[in-house]
Amino acid sequence: MILNGSQILAEVLVEQGVDTLFGYPGGAILNICDALYDYRDEIKQYITAHEQGASHAADGYARATGKTGVVLATSGPGATNLVTGIATAYMDSVPMVAITGNVGTSLIGRDSFQEVYIAGITMPITKHNFVVRRVEDLADTLRTAFRIANTGRKGPVLVDIPKDVTGAKCEFIPGKKQENTYVTHISDEDVEKVAEVINEAKRPFLYYGGGVGAAKACQDLRELMNKAEIPGAHTLMAAGIVGCDEPLNLGLMGMHGRLSANLAADKADVLIAVGTRFSDRVALNTEKFARDAKIVQIDIDPSEVNKNVTVDYSLVGDVKDILARLLPHIKEAKHTEWIEQINQWRGADKKPIDDPSVLKPHQIMAEISRQAGENAIYVTDVGQHQMWAAQYCRHLHSRSFITSGGLGTMGFGYGAAIGAKIAFPNRPVIHITGDGSFHMNMNECCTAVSYKVPVVTVIMNNSVLGMVRQWQTVFYNRRYSGSEPERVTDYAKVAEGFGAKGFKCVNLEQFQKALELALKEDGPVWIECVIDREEKVLPMIPAGGTVDDAMEE
Amino acid sequence: MTNKVNKQVLSLLVDNHSGVLARVASLFCQRGFNIDSLTVSNTDNPEISRITIVTEGDKQVLEQIIKQTGKLEETRAVVHLKNDESLFRELLLIKVAADQRTRREICGICEIYRAKIVDLTVTSLIVELTGNPSKIDGFLEMMKEYQILEMCRTGVTALARGDISHGIK
């Protein structure tokens, strides 16, 4: 059938299983918007306040579901507003297809109105990108974009379509949904060698990251953990991959991880890194990280092997495939002495002290987890609240803790939470944020109101930029340059102004009641929690340090 | 290939699309990899271009460069061309000031290096030289004795010796 470029785009989106689209209209995508009008039953469009919000919403939707998130924006500023969202998805390997309009091909290169070379701008923050110059190439380019986004190490792909291409017509041949075409190539000898190293370990330790979730290998990882009694700890990206109650799960590791988890990594004789990349928030000192251990790395991306830390053994491929090949060679084992040692460390971990007369961060997180229940999805912004959420929320399932780990994007949370809630309308979605992050993109409240998306936002308000201020306290002799903006925002009033509900709490009892009410609402709610600006994220290992440098108070 | 031990030559086979060179260059820039020289040319397959890059780095850096460039969607193959298994060539054009006295000397040097004088005026001449980059370095060293007006090197182009040919993914 003969279709125009915009209709072809809509057809391919439907063909690729897309039923949800986040975006914002504009001149260069008017043809696309017009075509989507006819597809409104198949593809539900969510128009956000700002394209950045749309990009985070597509990202949050993708992280919650595992499907590829799709975002649409117009040329020029529409496209550049996606940049932070695309970079966020890139750093955390989230599958996303970003579609941008551009000025007509005859106007390209002339500094036309709302023209920008978005393919050039996004080159280093996408897996790949395309400029489609002929309508005949559009359908296959889009299909390729979906394949790339969701194959191998996942990530964002941008497709830029000039306006005349969206209006030009050609024959459209329906195609199939692109499947993940990745194939793991590893030899039996390599698998057996790694199994031997693990089997001979006296003090084995699993260090696992977001790649385990991306490969849907959580169960396989747990099997490895339990079969050979290997304790492990997770990165920020892997909260919930193994339930927080499972005895061999030591919790969060790294800069703000538990001392016991970091000690275990430090003293292990074999460290098995699964779906993770030795980032500078975990391998703070690349020379001394896991200094006593032979390191085994299992990851899908060959360029992650020997990038930050030199490893002794590596298996490159799909983590699920590799674990399935590895498991039969792993002997059942007990490491009684090692586990006893670790339990001693765990017993010595400093626990925060309760005080119901004020709002303590750990008590807020515990209360959120208690009320939101097992099905909750936690979405955070970036800063102190993010670390508290990682440390103290009850992480039970993969894809239930959504956070910007790699890029550390303040302002990520609200859009992402809206995306997650749209994906799972029947699960409680709690957006945990700080007053700093929330000010960046709180405008997305209008999106949640328009589409009746009942996200509960918990604002940890310490009136300062807490994480920056914490570093200034510790490393800059309390010179609080730029970190105390002294804002007087009345959150309850602002929420009301947007058409949402707002509460303010100063103690635990008030918070308990507010959250109870909020979880029953059918629209967005903000709960401001006033906390002490001296609250710190602890423990803390300074950048470049080791567990020997950990600060506990 | 040259006097410096860390100089490495990589041969990339890439899709012949606009933008491929920008992607490769952007990657090198972003990751802090060094580019000593870079040449791009067509191959016998119209869909494939060859990018030859001379870079600097130890074993670990080289491993990262190979893996990162290999990850680009439009990269078909990345081959590390080792000194003893490969042929490296570069072309030099150099314009040197030459009067009656120095012209004869320069001609003598050109003869030794088998360089060609391709342009001649009363006050200057242009020399063309093809060869291994270290030969060009040596010739340039000699030319420093004279007044160099302008010069241009093409950068290294290279192929593996013998029957070795690149596998294309």
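Cut-offs and rules
Residues numbered from 1 in each chain as written. Chains lettered and ligands numbered in written order. Predicted model: local features only at pLDDT ≥ 70, side-chain atom pairs only at ≥ 80, totals over all residues. Helix = DSSP H or I, 4+ residues; strand = E, 2+ residues; numbered from the N terminus. Rg over C-alpha atoms; globule rule 2.2 N^0.38 Å. Buried ≥ 20, exposed ≤ 12 C-beta atoms within 10 Å, placed from the backbone. Contact = placed C-beta atoms within 7 Å. Nonpolar A, V, L, I, M, F, W, Y, C, P; charged D, E, K, R; others polar. Domains from an automatic or database assignment. Core = buried A, V, L, I, M, F, W, Y, C linked by C-beta atoms within 7 Å. Pairing = 2+ DSSP bridges. Axes fitted to C-alpha atoms, helices over the stretch in contact; angles between N-to-C directions. Arc of directions from axis to C-beta. pLDDT = per-residue confidence, 0-100. Expected span 1.5 Å × (residues − 1).

Visitor: Please clarify how the overall build of chain A should be interpreted in this entry.
Guide: What chain A contains, in helices and strands, is 22 helices and 20 strands. In terms of overall size, chain A behaves like a compact globule, its C-alpha atoms giving a radius of gyration of 24 Å where 553 residues would be expected to give roughly 24 Å. Taking all 553 residues of chain A together, 55% fall into the buried category. Here the analysis covers contacts within chain A between residues at least 6 apart in sequence; of these, 78% occur between residues at least 24 apart.

Visitor: Explanation requested: the interface of chain B and chain A in the structure shown.
Guide: Size of an interface, as often reported, equals the accessible area lost when the parts are brought together. The interface is formed by eleven residues belonging to chain B together with ten residues belonging to chain A. Elements with a minimum of two residues in the side of chain B that touches chain A: α1 (20-31) and α2 (59-71) of chain B. Of the residues forming the side of chain B that touches chain A, the biggest block, six residues, is contributed by α2 of chain B. Residue classes in the side of chain B that touches chain A are distributed as one nonpolar, five polar and five charged.

Visitor: Could you clarify how one ought to interpret the domain arrangement of chain B in this entry?
Guide: Residues and elements named next belong to chain B. Once the domains are mapped, chain B shows domain 1 (7-86) and domain 2 (88-157). Each of domain 1 and domain 2 was reduced to a C-alpha centroid, and the two centroids are 29 Å apart. Contact residues are listed per partner, giving seven residues for domain 1 and five residues for domain 2. When contributions to the side of domain 1 that touches domain 2 are tallied by element, the ones reaching two or more residues are β2 (37-42) and β3 (48-56). Across the side of domain 1 that touches domain 2, the residue classes break down as three nonpolar, four polar and no charged.

Visitor: Sorry if this is basic, but what is going on with the nonpolar core here?
Guide: Side chains that are nonpolar tend, in soluble globular proteins, to be buried together. Leu221, Leu271 and Ile527 of chain A are the most contacted members of the largest nonpolar core, which has 177 residues in total. With 17 residues, the next largest nonpolar core counts Val9, Ile65, Val79 and Leu81 of chain B among its residues.

Visitor: I would appreciate a short explanation of the sheet that holds strand β2 (residues 20-23) of chain A in the present structure.
Guide: Strands belonging to one sheet form pairs held by backbone hydrogen bonds; the direction of such a pair is parallel or antiparallel. All names here are of chain A. Sheet architecture is open: six strands sit in the order β3-β2-β4-β5-β7-β6, paired in parallel fashion. Each edge of the sheet is formed by a strand with only one pairing partner; in this case those strands are β3 (44-47) and β6 (128-131). If you compare each strand with its neighbour and ignore which way they point, the axes differ by 20° on average. Bridge analysis of β6 against strand β7 (residues 156-162) gives four bridges, and the strand direction is parallel. Bridge pairing in β7 places phenylalanine 130 opposite valine 159. This element, helix α7 (residues 135-149), spans β5 (96-102), β6 and β7 of the sheet and lies at about 165° to β7.

Visitor: Would you mind showing me how to read helix α11 (residues 218-227) of chain A here?
Guide: Three- or four-residue spacings in an α-helix give side chains the same orientation, since the helix completes a turn every 3.6 residues. Residues and elements named next belong to chain A. Among the residues making up α11, those that are buried are Cys218, Asp220, Leu221, Leu224 and Met225. Buried residues of α11, seen end-on, are gathered within an arc of 165° and therefore sit on one face of the element. Elements in contact with the buried residues of α11: β9 (204-208), α10 (210-214), β10 (232-234), β12 (270-274) and α13 (319-326).

Visitor: Which parts of the structure should I look at to understand unusual backbone geometry?
Guide: Generally, phi is negative for residues other than glycine and the peptide bonds are trans, each holding for most cases. All names here are of chain A. In this chain, leucine 538 is followed by proline 539 through a cis amide linkage whose omega measures -5°. Checked against the element boundaries, proline 539 lands in the segment after β20 (525-530). Positioned with a positive phi, serine 93 is a non-glycine residue whose angle comes to about 55°. Mapped onto the fold, serine 93 is located in the loop between α5 (83-91) and β5. When the 24 C-beta atoms within 10 Å are taken as the criterion, serine 93 is described as buried. Although it is not a glycine, glutamate 486 sits at a positive phi angle of roughly 55°. For glutamate 486, the position within the fold is in the loop between α20 (466-475) and α21 (491-498). When the 6 C-beta atoms within 10 Å are taken as the criterion, glutamate 486 is described as exposed.

Visitor: Even after reading the chapter, I still don't get the domain arrangement of chain A, so can you show me in this structure?
Guide: All names here are of chain A. Each domain of chain A was delimited in the assignment, giving domain 1 (2-171), domain 2 (188-348) and domain 3 (361-530). Centre-to-centre separation of domain 1 and domain 2, based on C-alpha positions: 37 Å. The partner domain 2 presents five residues to the five residues of domain 1 that form the contact. Among the residues forming the side of domain 1 that touches domain 2, the class breakdown is no nonpolar, two polar and three charged.

Visitor: So what exactly am I meant to see when it comes to the confidence of the model for chain B here?
Guide: The predicted coordinates ought not to be read in detail in places where the model reports low pLDDT. Looking at chain B, the pLDDT average stands at 93 and 95% of residues meet or exceed 70. The ipTM assigned to the predicted complex is 0.91, against a pTM of 0.96.

Visitor: When you look at α2 of chain B in this model, what are you seeing that I'm missing?
Guide: All names here are of chain B. The terminal C-alpha atoms of α2, which comprises 13 residues, lie 18 Å apart, in line with the 18 Å expected from a rise of 1.5 Å per residue. Taken together, the buried positions of α2 are Ile65, Gln68 and Thr69. All buried residues of α2 fall inside an arc of 95° around its axis, so they share one side. In α2, the exposed residues that point more than 90 degrees away from the buried face are Lys59 and Gln60. Those residues of α2 hidden inside the fold are in contact with β1 (7-15), α1, β3 and β4 (75-81).

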